[in-house]
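# Structural characterization, general
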Amino acid sequence: MTTTLRPTGPLQQSADGTLSRAYEVCVNSRPVGAVRVATAPGFGRALGTISDLRIDDADRRRGRGTVAALAAEEVLRGWRCRLVRVSVPAEAAVALRLATALGYTERGRTMTRALAEGAAPGEPGAPGQETAVRPMRDEEYEPWWTAAEDAYVRVWGARGIAGDTARAKARADRARLLPDGLASRGTRLYVAEAADGAPVGHLWLGLGPAAYVWDVEMAAGRRGEGHGRALMRHAERTAREAGADTISLHVFSDNTPALRLYESLGYRTTHIQLDKRLY
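Residues numbered from 1 in each chain as written. Predicted model: local features only at pLDDT ≥ 70, side-chain atom pairs only at ≥ 80, totals over all residues. Heavy atoms only, no water.

### Focus on the confidence of the model for the protein
When pLDDT is averaged across the protein, the result is 93; 95% of the residues are at 70 or more. Within the model, the stretch residues 124–128 combines pLDDT values under 50 with six contacts to residues more than four positions away or in other chains. (pLDDT = per-residue confidence, 0-100. Contact = heavy atoms within 4.5 Å.)

Here it is, written out as structure tokens:
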């Protein structure tokens, strides 16, 4: 029996050039599942995604999902995507095994905490005496953004995405999320200061029914002093006061200290992001 992909509609192209197409997974022309292939917004054709891969119960454990995933990768190669990314629910053990078997590498995790839970047992409700958290000042904004943009380019460059592509994506995100800088609606930017008044970290928080920590970073040499914990507690209080029900973030899987911190604060992994070089 032959497993193939059959388009369920025409190739879709958005105004920014993002491509997407949905397919049926077929065995000898008989539909047995579905999958969606797309390019990631803001990355041009450099980064592709595979999502919504599903195989009907009666056709599972016969290699249909493996063949469908490989066929989806071929579609992305045809679009000249260099990298493919998938996001798998943390509880989807079968999907995680499949991705690993196909050569995908875990890169990051989405973690979430319900704010109704309050502070974790034994945790203080306010920053420690050694950390003060204040709003970012006007003169600090541009240097912060320059450093954040450069870090973004380095991260994606290590995964094979050209620097100009990554920088363009970072600037598009800034225009979307921070159109008015520090005064942008639904955004808060904070700086952590040590007891001596030295800036030791920053926090970029997005507010809404579901709050999101876009960025939290400690200064080199100041990690492990409790400032990150203080910033995260500040983010949770701010989000709760703004009416948010949950707070989420993304963390790189190789950042073990950060993972341990978030787990100790009650965050749980909801999705795992994995990627694979296509050529």
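### Focus on the layout of surface pockets
Approximately 730 Å³ is the volume found for the second largest pocket. Surrounding the second largest pocket, 26 residues form its lining, Leu53, Gly65, Val94, Ala95 and Leu98 being those nearest its centre. If you list the elements that add at least two residues to the lining of the second largest pocket, you get strand 5 (47–55), helix 1 (64–78), strand 6 (83–89) and helix 2 (93–101). At six residues, strand 5 tops the list of elements feeding residues into the lining of the second largest pocket. Classifying every residue of the lining of the second largest pocket gives 14 nonpolar, five polar and seven charged. (1 Å grid on protein atoms, 1.4 Å probe; cavity = no way out; pocket = protein on both sides within 12 Å on 5 of 7 lines; lining within 4 Å. Points joined across faces, edges and corners; volume = space filled by probe spheres on them. Helix = DSSP H or I, 4+ residues; strand = E, 2+ residues; numbered from the N terminus. Nonpolar A, V, L, I, M, F, W, Y, C, P; charged D, E, K, R; others polar.)

### Re the side chain of Glu149
Note on placement: Glu149 falls in helix 3 (residues 138–157). For Glu149, a relative accessible area of 5% translates into the label buried. Residues contacting Glu149, with those up to four places away along its chain left out, are Arg167, Ala170 and Arg171. (Buried < 20%, exposed > 50% of the residue type's maximum accessible area, 1.4 Å probe, protein only.)

### A few points about the packing of aromatic side chains
One pass over the structure, following the stated rule, counts nine aromatic pairs. Between Trp144 and Trp204, the aromatic rings sit 5.5 Å apart at their centres with planes inclined by 90 degrees, giving edge-to-face as the arrangement. Highlighted residues: Trp144 in helix 3 and Trp204 in strand 10 (residues 199–206), separated in sequence by 60 residues. When sorted by exposure, Trp144 lands in the same class as Trp204, which is buried. Sitting over the face of the ring of Tyr279, Arg80 holds its NZ or CZ atom 4.8 Å from the ring centroid. (Phe/Tyr/Trp six-rings, centres within 6.5 Å; stacked < 30°, edge-to-face > 60°. Lys NZ or Arg CZ within 6 Å of the ring centre and 35° of its normal.)

### Describing unusual backbone geometry
Despite not being glycine, Asn28 has its phi angle at roughly 50 degrees, a positive value. With respect to the secondary-structure elements, Asn28 resides in the loop between strand 3 (19–27) and strand 4 (30–39). Even without being a glycine, Arg61 presents a positive backbone phi close to 65 degrees. Since its relative accessible area comes to 81%, Arg61 is described here as exposed.

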